[in-house]
Amino acid sequence: PGKSKKLPQTLSMKDVDALLHAAMNMGKNRNDLWRDTCLMQLLYATGMRVSEMMSLPLSAARGNPAMLLISCKGGKERIVPLSRPAKDAFHTWVRLRDEEDALLRTNGKPTSGFLFPSRGKLGHLTRHWFYARIKELALYANIDVSRVTPHTIRHAFATHLLANGADLRIIQTLLGHADVSTTEIYTHVLSERLESLVQDHHPLAR
């Protein structure tokens, strides 16, 4: 018999809204606020893997992009569209990055080629850093911290698209899944919610 797949844990739209609100309000300064807002908006708008998002080059932001070119596993690439809130946060963060780079050059210091730079060995923020950061955002948003990880946002992206009528093949492309069977697990998540809806609200279920 085939091994059963574990259903992915996801978040409601209300939870995601609370996390986005936390990102816009929790930072210590303007740069922190827009960095976190850009990270969360990009993650929820595109369903990117965290490693893909953290390694985005600053050049990806040039030319007022409506879409992002993402380097995937195995050296492959895919294109994902940006929502309006994600584009706004993206452009604001890039403007702040450019201002910071100009200041660094004035002081004779090196600049980073990454969209989300850090002073660490990789030159950009790590997925471990973001894992800890999103837990802080969940705490600020009064959401159960154990339910929130970067990957649950990716699951929420796919689940919410499917719930609102998106085609499974489109979701497969956006997520970068090589096989549609990997994407089909989200139909089970949706089926559970539909069953719960019937049990809670159908008059004959009482």
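If you're wondering where the values come from, they're calculated on a predicted model, not measured in any experiment. Here, residues in each chain are numbered from 1, in the same order as that chain's written sequence. The model is predicted, so local features are restricted to residues of pLDDT at least 70 and side-chain atom pairs to those at 80 or more, both for listing and for counting; the totals for chains, interfaces and linings are taken over all residues. Hydrogens and water molecules were not included; the side-chain quantities draw on all heavy atoms of the structure.

Just to check I follow, could you spell out the pairing of strand β1 (residues 67–71) for this structure?
Note on strand geometry: in a regular strand, side chains alternate between the two faces of the sheet. Buried residues are those whose accessible area, probed at 1.4 Å on protein chains only, stays under 20% of the maximum for their type, while exposed residues exceed 50% and partly exposed ones sit between those limits. Helix and strand definitions here come from DSSP, where helices need a minimum of 4 consecutive H or I residues and strands a minimum of 2 consecutive E residues; each element is numbered from the N-terminal end. Because side chains alternate across β1, one face comprises the buried residues Leu68 and Ile70, and the other comprises Met67, Leu69 and Ser71, none of which is buried. Whether two strands pair comes down to DSSP finding at least two bridges between them. In the sheet, β1 pairs with strand β2 (residues 77–81) via five bridges, with the strands oriented antiparallel. The residue of β2 that forms the bridge with leucine 68 is valine 80.

Explanation requested: helix α6 (residues 150–163) in the structure shown.
Since the α-helix packs 3.6 residues into each turn, any two residues three or four apart lie on the same face. In this analysis, the expected span of each helix is defined as 1.5 Å times one less than the number of residues it contains. The terminal C-alpha atoms of α6 lie 20 Å apart, and with 14 residues this matches the ideal 20 Å at 1.5 Å per residue to within 8%. Among the 14 residues in α6, eleven count as buried, and that is most of the element. For α6, the full list of buried residues reads Pro150, Thr152, Ile153, Arg154, His155, Ala156, Phe157, Ala158, Thr159, His160 and Leu162.

Before we go on, may I ask you to explain the environment of threonine 37 in this structure?
Tracing the backbone through its elements, the reader meets threonine 37 in helix α2 (residues 30–46). Distance in space between the C-alpha atoms of threonine 37 and leucine 20 is 6.7 Å, their sequence separation being 17 residues. Any two residues whose heavy atoms approach within 4.5 Å are treated as being in contact. Those residues within four positions of threonine 37 in sequence are excluded, and the remaining contacts are Ala23, Met24 and Ala89. Whenever two N or O atoms come within 3.5 Å, that pair is a polar contact, provided that in protein one can donate a hydrogen and the other can accept it, and provided that, for residues adjacent in sequence, both atoms are side-chain atoms. From its side chain, threonine 37 meets the backbone oxygen of leucine 33 in a polar contact 2.7 Å long.

What exactly am I supposed to notice about the layout of surface pockets here?
Once rolled over the atoms, a probe with the size of a water molecule shows which space is left empty. Lining residues are defined by having an atom within 4 Å of a point belonging to a cavity or pocket. Those points lie on a 1 Å grid over the protein atoms alone, cavities being sets where a 1.4 Å probe fits but cannot get out and pockets being open sets with protein on both sides within 12 Å along at least five of seven lines. Grid points are joined across faces, edges and corners, and a volume is the space filled by probe spheres set on the points. Taken as a whole, the largest pocket holds about 460 Å³ of empty space. Together, 17 residues line the largest pocket, and Glu100, Leu104, Pro117, Ser118 and Arg119 are the ones closest to its centre. For the lining of the largest pocket, the element with the highest residue contribution is helix α4 (residues 84–106), accounting for five residues. For this scheme, ten residues count as nonpolar: Ala, Val, Leu, Ile, Met, Phe, Trp, Tyr, Cys and Pro. Four count as charged, namely Asp, Glu, Lys and Arg, and the remainder, Gly too, count as polar. When the residues that make up the lining of the largest pocket are grouped by side-chain class, the tally is six nonpolar, four polar and seven charged. Every residue lining the second largest pocket is counted, 14 residues in all, and those nearest its centre are Tyr44, Ala45, Ser83, Phe157 and Leu161.

Honestly, the environment of glutamine 41 in this entry has me stumped. Any pointers?
Relative to the helices and strands, glutamine 41 is located in helix α2. Between the C-alpha atom of glutamine 41 and that of serine 83, which follows or precedes it by 42 residues, the distance is 8.4 Å.

Fair warning: the whole summary comes from geometry, so function is off the table for now.
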